[in-house]
Amino acid sequence: MNLNCSHKVMNKRFFIFSCCMLFAFFLFMVDGCKTVEPYQRVYLNDHEMQMTKNAGSKFEDYVHVVREGATVPGGTKSSGGCGCN
Amino acid sequence: MKRRYLVFGVMAAAFSSKAQVQDSSFQKKNLAKSDIEVVFSYYNQNGNHSAITGGIGTEKLSVYAPDINYSHTYKSADVLQINGGADVITSASLDNIDFVVSSASRHDVRTHINAGYSKHFSALNTDLELGTGASIESVYFSIPVSLTLNYVEPSAMRTYQFAFEAFFDDLRWGRLSPDHFHPVKLIYPVELRYKNWFNIYRRYSYNFKNAFTQVLNKRMILGLYPEVAYQQGLLSTTYHRVFFTDSSEKVENLPQQRLKLSLGAQLNIFIGGRTIVKTYYSIYRDNWGIVANAVQVESGFKISPRVTLSPYVRLYEQTKAHYFKPYRQHAADETYYTSDYDLAEFTDYKTGINFRLAPFSFLKKNLLFDEMNLRYSFYHRSDGLSCHMLSTVFNFTRANNKSEKNIHNPE
């Protein structure tokens, strides 16, 4: 019983720690950013650099939502379906 | 002497010449256009832990999913989006809800349609989008509603997105039955229909999905995706069986509320002149006991200006939900129980490749063939489930010449 409780506490602490580290990393990377002018955006404007996903990738995200217990951040649906076997 | 005349002439011209006067009738206008996306996806899986038969039995299933997305951008930069499609599902395990003995031939169809309108506020660099739709299958009917706010900083270095989604589901069977065409009842396994296991039939899902992106430099962009989701109502699947250590059998029973927290981060880097590397990491936790991590790396190689190959690999792990146990391992006195291996502890991997062809060629006047994507993935789960996914996507753009009016008669 004690082992189960400590496992849950460790998971919760790891989750909170991971969230904080990700957010701190984000702030760190953001802080020193130099403005990129429109004429310097040839790489950023490339189709492959966009943060959006193509329709094939969205279909796979839907499969992940159904076949895995977790929700896909930035994914498409988060309910509305039976997820039948 | 000639030099003096030349210099004097140039100076005289400088004093008498006038700069270009801006044509007062010129107005910058956006071009109205329509984007059409045609998608066909195929999914095939197999495994031996079907929840319909209590955590054992075939999970053989195929899905054929045609889909079409239409998006019209008005000159005001407002956007109208319509999406529709149908998932044709063929499943061997669906036969076992009422023990109809046949091969992998029992099929079901999920039809869905969604529409959204995005209003652009140019002075605020903001878009506000409202969406709704409907989705129907033999054992559920769902209505989604969404509200999304997008903001782009004037420097275009940072974007913010705040979205709220709500799904209102009704899990009763009967709407597609030719004998009824209205919701009748929940479907239980045939041998368990001697009682009503649930006195509710609705499910409510509320999602707060956010996205923040930051341009780091000329070649890097970072995205952060925090999300919170809450579900309430009938979260069990009413035709899933659970077998107990004392050989008794019941319908799956899960808590009627679930809180999910997730955080994702994505970093895209353009390396050299032809290579893009996209890395993605996410963590997840919910109050059912599931803690999950996922990492994906995708590399895009520009073979030519029109052709890109993108191989990728994804690794995932999750702990099991508190209420999961395999076949015949639940004690009969447990309050909540499931043998659905989607909620079990497992690891999985997915690998595949995306082929993109972008010819940007005109098929007809005003109809441009933008690009085609062909994507294949193989997915394998540590409990033995494996599947193949294949998607083909065609994108077209149609410029609407009729909306281009005379510049001297603006709207």
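Residues numbered from 1 in each chain as written. Chains lettered and ligands numbered in written order. Predicted model: local features only at pLDDT ≥ 70, side-chain atom pairs only at ≥ 80, totals over all residues.

## A look at the overall build of chain B
Going by this rule: Note on conventions: DSSP H or I runs of at least 4 residues are helices, E runs of at least 2 residues are strands, and numbering of each starts at the N terminus. Buried, partly exposed and exposed are defined by the number of other C-beta atoms within 10 Å of a residue's own C-beta, namely 20 or more, between the two limits, and 12 or fewer respectively, with C-beta atoms placed from the backbone. The contact rule is simple: place each C-beta atom from the backbone, and if two of them lie within 7 Å, those residues are in contact.
Counting its regular elements, chain B contains one helix and 19 strands. When burial is assessed residue by residue, chain B has 30% of its 411 residues classed as buried. Partitioning the intrachain contacts of chain B with sequence separation of at least 6 by distance along the chain shows that 58% fall at a separation of at least 24.

## With respect to the overall build of chain A
Broken down by element type, chain A carries two helices and zero strands. Expressed as a percentage of its 85 residues, the buried residues of chain A come to 32%.

## Comments concerning the interface of chain A and chain B
The line we're drawing: Under the convention adopted here, Pro, Cys and the residues Ala, Val, Leu, Ile, Met, Phe, Trp and Tyr are nonpolar, Asp, Glu, Lys and Arg are charged, and Gly plus all remaining residues are polar.
With 39 residues of chain A in contact, the opposing surface of chain B contributes 75 residues. Elements with a contribution of two residues or more to the side of chain A that touches chain B: α1 (2–31) and α2 (55–67) of chain A. Sort the elements by how many residues they give to the side of chain A that touches chain B and α1(A) lands first, with eight residues. Per-class residue counts for the side of chain A that touches chain B are 19 nonpolar, 14 polar and six charged.

## As for the pairing of strand β12 (residues 257–271) of chain B
Residues and elements named next belong to chain B. Inclusion rule: When DSSP finds two or more bridges between two strands, those strands count as paired.
Looking at chain direction, strand β9 (residues 220–233) and β12 are connected through 13 bridges and run antiparallel. What sits directly across from Leu224, in β12, is Ala265. Here twelve bridges tie β12 to strand β13 (residues 275–286), and the two strands are oriented antiparallel to one another. In the sheet register, Gly264 faces β13, and the bridge partner there is Ser282. The loop that links β12 with its antiparallel partner β13 comprises three residues; one of these, Gly272, has a positive phi angle of about 65 degrees.

## Some remarks on α2(A)
In plain terms, the rule: Expected span of a helix, by definition, is 1.5 Å for each gap between consecutive residues, and there is one gap fewer than residues.
The end-to-end C-alpha separation of α2(A) is 19 Å, in line with the 18 Å expected for 13 residues at 1.5 Å each. All buried positions along α2(A) are accounted for by Ala55(A), Gly56(A), Ser57(A), Phe59(A), Glu60(A), Val63(A), Val65(A) and Arg67(A).

## Side note on the nonpolar core
Convention followed: Under the definition applied here, buried Ala, Val, Leu, Ile, Met, Phe, Trp, Tyr and Cys residues are grouped into a nonpolar core through C-beta atoms within 7 Å.
Grouped together as the largest cluster of nonpolar side chains are 32 residues, with contacts concentrated most on Leu171(B), Ile290(B), Ala321(B), Tyr323(B), Phe324(B), Leu343(B) and Ala344(B). Elements that contribute at least two residues to this core include exactly β9, β10 (241–243), β12 and β13 of chain B. Those residues in contact with Leu343(B) that lie beyond four places of it in its chain are Gly69(A), Ile290(B), Lys320(B), Ala321(B), Phe324(B) and Thr338(B).

## Describing the confidence of the model for chain B
In low-pLDDT segments, the atomic positions of the prediction should not be examined closely. All names here are of chain B. Put simply, the test is: Values of pLDDT, the confidence the predictor places in each residue, fall between 0 and 100.
Of the residues in chain B, 87% have a pLDDT of 70 or more, and the chain-wide mean is 88. For the stretch residues 99–105, pLDDT sits under 50, and the model shows eleven contacts to residues farther than four places along the chain or on other chains. Every residue in residues 403–411 is under pLDDT 50, and counting partners more than four places away or in other chains gives eight contacts. Model confidence for the complex is summarised by a pTM of 0.83, with the ipTM given as 0.81.

## Structural notes on unusual backbone geometry
All names here are of chain B. Its identity as a non-glycine residue notwithstanding, Ala77 has a phi of 75 degrees, on the positive side. By secondary structure assignment, the location of Ala77 is in the loop between β2 (61–73) and β3 (79–91). Here Ala77 falls in the partly exposed class, since 14 other C-beta atoms lie within 10 Å of it. Of note, Ser247 is a non-glycine position whose phi angle comes to about 75 degrees, a positive value. Relative to the elements of secondary structure, Ser247 occurs in the loop between β10 and β11 (249–251).

## So, the pairing of strand β14 (residues 291–302) of chain B
Each regular strand carries side chains that alternate between the two faces of the sheet. All names here are of chain B. Relative to β14, β13 is paired through eleven bridges, and the arrangement is antiparallel. Note on β14: the bridge partner recorded for Ile283 is Asn293. Hairpin connection, β13 to β14: the antiparallel pair is bridged by four residues, and Gly289 has positive phi, about 100 degrees. Direction of pairing for β14 relative to strand β15 (residues 307–318): antiparallel, over a ladder of nine bridges. Directly across from Val297, in β15, lies its bridge partner Val313. Counting the residues in the hairpin turn of β14 and β15 gives four residues.

## Remarks on the environment of Glu68(A)
Here Glu68(A) shows up in the segment after α2. With 20 residues separating them along the chain, Glu68(A) and Glu48(A) place their C-alpha atoms 27 Å apart. Each residue touching Glu68(A), except ones within four places of it in the same chain, is listed here: Tyr316(B), Gln318(B) and Asp342(B).

## Some remarks on the confidence of the model for chain A
Counting all residues, the mean pLDDT for chain A is 72, and 48% of those residues have values of 70 or more. Here residues 1–5 of chain A is modelled with pLDDT under 50, and outside its nearest four sequence neighbours on either side it reaches zero contacts, counting other chains as well.

## Topic: the environment of Ile271(B)
As for its position among the elements, Ile271(B) is in strand β12. Each C-alpha atom, one on Ile271(B) and one on Phe355(B), is 19 Å from the other, the two residues being 84 residues apart in sequence.

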